[in-house]
Amino acid sequence: MEPFHYLLVLVACLAVTAPLEWVIGARVYRRPRRLALTLAIAMTPFVIWDLVGIARGHWDFSPRYTLGLDLGGVMPLEELLFFVVIPICALLTHQAVLRLGARLRPHGRLAREAQHLGEAPATRPRCEEGARRA
Amino acid sequence: MPEYTLLTVLAVVLVVSLDLVVVRTRLLATLGFWLTLTIMWVFQIPVDGWLTRLDAAIVRYDERHFSGVRVFFDSPIEDFGFGFAMVLATLMVWTVLSRRSTGAEQRRPRRAAAGEPSSGIGVHRGG
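Below you will find a few notes about this structure. Within each chain, residue numbers correspond to sequence positions counted from 1 in written order. All chains are assigned letters beginning with A, and all ligands numbers beginning with 1, in the order in which they are written. Under the rules for a predicted model, residues below a pLDDT of 70 receive no local features and side-chain atom pairs below 80 are neither given nor counted, while totals for whole chains, interfaces and linings still include all residues. Calculated side-chain values reflect all of the structure's heavy atoms, with hydrogen atoms and water omitted.

## What about a nonpolar patch on the surface?
In step 1: Residues form patches when they are more than 30% accessible in relative terms and have no salt bridge. Like charges link within 9 Å. Nonpolar side chains (Val, Leu, Ile, Met, Phe, Trp, Tyr) link within 5 Å. Exposure was quantified through the Shrake-Rupley algorithm and a 1.4 Å probe, taking into account, for residues, occlusion by the shown protein chains and nothing else. Between Lys or Arg on one side and Asp or Glu on the other, a salt bridge is scored when a side-chain nitrogen of the former is within 4 Å of a carboxyl oxygen of the latter. Taken together, the side chains of Met1, Phe4, Leu8, Leu67 and Leu69 of chain A make up a nonpolar region of the molecular surface, amounting to roughly 480 Å² of accessible area.
In step 2: Tracing the sequence through the fold places Phe4 of chain A in the segment before helix 1 (5-22). Numbered from the N terminus, helices here are DSSP runs of H or I no shorter than four residues, and strands are runs of E no shorter than two.

See below:
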């Protein structure tokens, strides 16, 4: 099991946060294009930072606890997946916080923030179609 | 200053200025962001600990390149700055993209979307 140590913790993160989408009603996985674009834009600098850290010897990865699939011979596959999984967790958490907050207090601060972000149901009738028609 | 420490400080300053001044998403002024960050940091303790704990480290840090301060399960304290920057950057980009796709609609009157019963937050004025 040891080579799966890194991969397993990422799977655990996805498993723990999945109900935020499918029980609480966050809409992250159901916006795959926006998600992909967000990851590409927001995580590129962090992946570069990670590569710099590896190159400068700030950190390295234990071959014992990783699968051994090193991308470009430098970054373990799991490390790249880290920059996919953790932002997904953050987005799911944020949306769940806004939605739960708005449910608890429909006129409260979180409800306003949800609406401002277009995360409240009242603000989201088919945004892309609407944008095209407008 | 050790390089990882320096890069962490720079990243935090950069992301904060993007949020407040350049992109003006102003997530730092929202309750939702701080609640999200708190939850993410709490979960970062065991997750990062799993990666960094010295008796079975997956990611091995060179002591010369960070402050040397390890917290909880041997995580370099800089990791929490890295986490802060990652969370804020992610939510910031998502917010910009959301505004872009809903922006054209902002001025139009809104009606409750009948098609989304499952997410019933219910921001109904005078409902």
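## Brief notes about the packing of helix 1 of chain A against helix 3 (residues 77-104) of chain A
Residues and elements named next belong to chain A.
In step 1: As a rule, the C-alpha atoms of each element are fitted with a line to give its axis, helices using only the stretch in contact, and angles between N-to-C directions run from 0 to 180 degrees. Helix 3 packs onto helix 1 with a crossing angle of 20 degrees between their chain directions and a minimal axis gap of 9 Å. Accordingly, the angle class assigned to the pair helix 1 and helix 3 is roughly parallel. In terms of crossing hand, the pair formed by helix 1 and helix 3 is left-handed. On the side of helix 1, the interface is formed by Tyr6, Leu7, Leu10, Cys13, Leu14, Thr17, Leu20 and Glu21, while helix 3 contributes Glu78, Glu79, Leu81, Phe82, Val85, Ile86, Ile88, Cys89, Leu92, Thr93 and Ala96.
In step 2: Under the scheme applied, nonpolar residues are Ala, Val, Leu, Ile, Met, Phe, Trp, Tyr, Cys and Pro; charged residues are Asp, Glu, Lys and Arg; polar residues are all the others, including Gly. For the contact of helix 1 with helix 3, a count of residues per class yields 14 nonpolar, two polar and three charged. In these notes the angle categories are as follows: under 35 degrees is roughly parallel, over 145 is roughly antiparallel, 65 to 115 is roughly perpendicular, and the rest is oblique. Each helix crossing is assigned a hand: it is left-handed if the near helix lies turned anticlockwise from the far helix by less than a right angle, otherwise right-handed if that turn is clockwise. We call two residues in contact when some of their heavy atoms are within 4.5 Å.

## Concerning helix 2 (residues 32-55) of chain A
Residue and element names in this part refer to chain A.
In step 1: To estimate how far a helix should reach, multiply one less than its number of residues by 1.5 Å. Taking 1.5 Å of rise per residue, the 24 residues of helix 2 would be expected to cover 34 Å, and the 32 Å separating its terminal C-alpha atoms lies within 8% of that figure.
In step 2: A maximum bend of about 45 degrees is found in helix 2 at Met43, where proline Pro45 lies one to four positions downstream.
In step 3: Among all positions of helix 2, only Arg34, Leu35, Thr38, Leu39, Ala42, Met43, Phe46, Val47, Trp49, Asp50, Gly53 and Ile54 are buried.
In step 4: Directly after helix 2, the chain includes Gly57, whose backbone phi takes a positive value near 80 degrees. Note on bend: the value at a residue is the angle between axes fitted to the seven residues ending there and to the seven starting there. Burial here depends on accessible area, computed with a 1.4 Å probe over protein chains only, as a share of the maximum for the residue type. Under 20% is buried, over 50% is exposed, and the range in between is partly exposed.

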